[in-house]
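Overview (structure and organization)
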Amino acid sequence: MNEELLQRLYAVFDPGHALTAEQTDLYVGLDDVRGEADIVKRMSAKIRRSRGEPTCQVLAGHRGSGKTTELFRLKNALETSARKMFVVFCQADDDLDRNDVDFPDLLVAIVRQIARQLEEGAGIQLKPGYFKNRLERLGDIVTREVDFETFDLNTGLGSLGVTIKGSPNARKEIRECMEPDTGNLLHAANDVISKGVLELRNKGYGGLVVLVDDLDKMVVRH
């Protein structure tokens, strides 16, 4: 077997790359060794049967064990079920410095991803509310200029996220400003998400599901 073919085979089966839901020919079920029957079926059933009540589930495992692949399969199952869900897939590694993460950083990243994907996938533009006021107070720290006359949640939090990820000094200042107000920050995030859920239901969706991946790669600041 020549080296070029070996490289091509490795690229296909590299455990560092998750399989998409469409790559069913490459998927290998691991229920026998995991000790549980169809993890995606169980997780999706809990979400679909929740009758609109929030649920929280954690999918754990060592790196390379297939967590991201199963999350892609869960996303596909929820989007194609009779009670169609709108699924936001957040890959935390895209928005955060994996070597230094704190709660405000993660919350900003998740809310931004929700805003972006709702706008792109369902034509729903979430109102910035509290986040606009907070970003105005952080205006001197944020590295990208923000037009507050045409402010929207996706671009505003995107600018904040770029600053948090790219500048350790600015990240420290932003945390010092946001952490004492964590309660209001969390309340504002829940308010934004609730309004998004309401608009999704008006469009015929069964609800909103947020899948957050890559958290096992994060180093939490102490």
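Thresholds, definitions, all that
- Residues numbered from 1 in each chain as written.
- Predicted model: local features only at pLDDT ≥ 70, side-chain atom pairs only at ≥ 80, totals over all residues.
- Heavy atoms only, no water.
- 1 Å grid on protein atoms, 1.4 Å probe; cavity = no way out; pocket = protein on both sides within 12 Å on 5 of 7 lines; lining within 4 Å.
- Points joined across faces, edges and corners; volume = space filled by probe spheres on them.
- Helix = DSSP H or I, 4+ residues; strand = E, 2+ residues; numbered from the N terminus.
- Nonpolar A, V, L, I, M, F, W, Y, C, P; charged D, E, K, R; others polar.
- Buried < 20%, exposed > 50% of the residue type's maximum accessible area, 1.4 Å probe, protein only.
- Arc of directions from axis to C-beta.
- Axes fitted to C-alpha atoms, helices over the stretch in contact; angles between N-to-C directions.
- Parallel < 35°, antiparallel > 145°, perpendicular 65-115°, else oblique.
- Left-handed = near helix turned anticlockwise from the far one by under 90°.
- Contact = heavy atoms within 4.5 Å.
- Pairing = 2+ DSSP bridges.
- Phe/Tyr/Trp six-rings, centres within 6.5 Å; stacked < 30°, edge-to-face > 60°.
- Patch = residues over 30% accessible without salt bridge, like charges linked within 9 Å, V, L, I, M, F, W, Y side chains within 5 Å.
- Areas by Shrake-Rupley, 256 points an atom, 1.4 Å probe, with all protein chains shown as cover.
- Salt bridge = Lys/Arg side-chain N within 4 Å of Asp/Glu carboxyl O.

This part takes up the layout of surface pockets. When its volume is computed, the largest pocket comes out at roughly 1,400 Å³. In terms of lining residues, the largest pocket is bounded by 42 residues, among which Thr 55, Cys 56, Val 209, Val 210 and Leu 211 are the most central. When contributions to the lining of the largest pocket are tallied by element, the ones reaching two or more residues are α3 (39–48), α4 (67–79), α6 (103–122), α10 (182–202) and β2 (208–213). A total of eight residues in the lining of the largest pocket trace back to one element, the largest contributor, which is α10. Its residues assigned to classes, the lining of the largest pocket comprises 26 nonpolar, nine polar and seven charged.

Attention now moves to helix α9 (residues 168–178). Within α9 the residues assigned to the buried category are Ala 170, Arg 171, Ile 174, Arg 175 and Met 178. Burial along α9 is one-sided: seen end-on, the buried residues are contained in an arc of 135°. Across from the buried face of α9, at angles greater than 90 degrees, the exposed residues are Asn 169, Lys 172 and Glu 176.

A few words now on the environment of Ile 110. Following the sequence through the fold, Ile 110 ends up in helix α6. Between the alpha carbons of Ile 110 and Ala 92 there is a distance of 7.9 Å; along the sequence they are 18 residues apart.

Below, the discussion takes up the packing of α6 against α10. Where α6 meets α10, the axes come as close as 11 Å, and the angle between the chain directions of the two elements is 15°. Classified by the angle between their axes, α6 and α10 sit roughly parallel to one another. Like other packed secondary-structure pairs, α6 and α10 cross with a definite hand, here left-handed. When α6 is examined against α10, the residues Phe 103, Pro 104, Leu 107, Val 111, Ile 114, Leu 118 and Ala 122 are found in contact with a partner set consisting of Thr 182, Leu 185, Leu 186, Ala 189, Ile 193, Gly 196 and Leu 200.

For strand β1 (residues 86–91), the tally of buried residues reaches five of six residues, placing the bulk of the element in the interior. Pairing between β1 and β2: six bridges, direction parallel. Paired with Val 87 across the bridge in β2 is Val 209.

So, about the packing of aromatic side chains. This structure, assessed with the given rule, holds two aromatic pairs. Look at Phe 72 and Phe 89: their rings are 4.7 Å apart centre to centre, the planes differ by 15°, and that puts the pair in the stacked class. Separated by 17 residues along the polypeptide, Phe 72 in helix α4 and Phe 89 in strand β1 bring together distant segments of the chain. Phe 89 gets classed as buried once you look at its relative accessible area, which sits at 9%.

A contiguous nonpolar patch, built from Leu 5, Leu 6 and Leu 9 and spanning about 210 Å² of accessible area, is present on the exposed surface. In this fold, Leu 6 is placed in helix α1 (residues 3–13). Here Leu 6 falls in the partly exposed class, since its relative accessible area comes to 38%.

Such coordinate-based values are descriptive only and should not be taken to indicate function.
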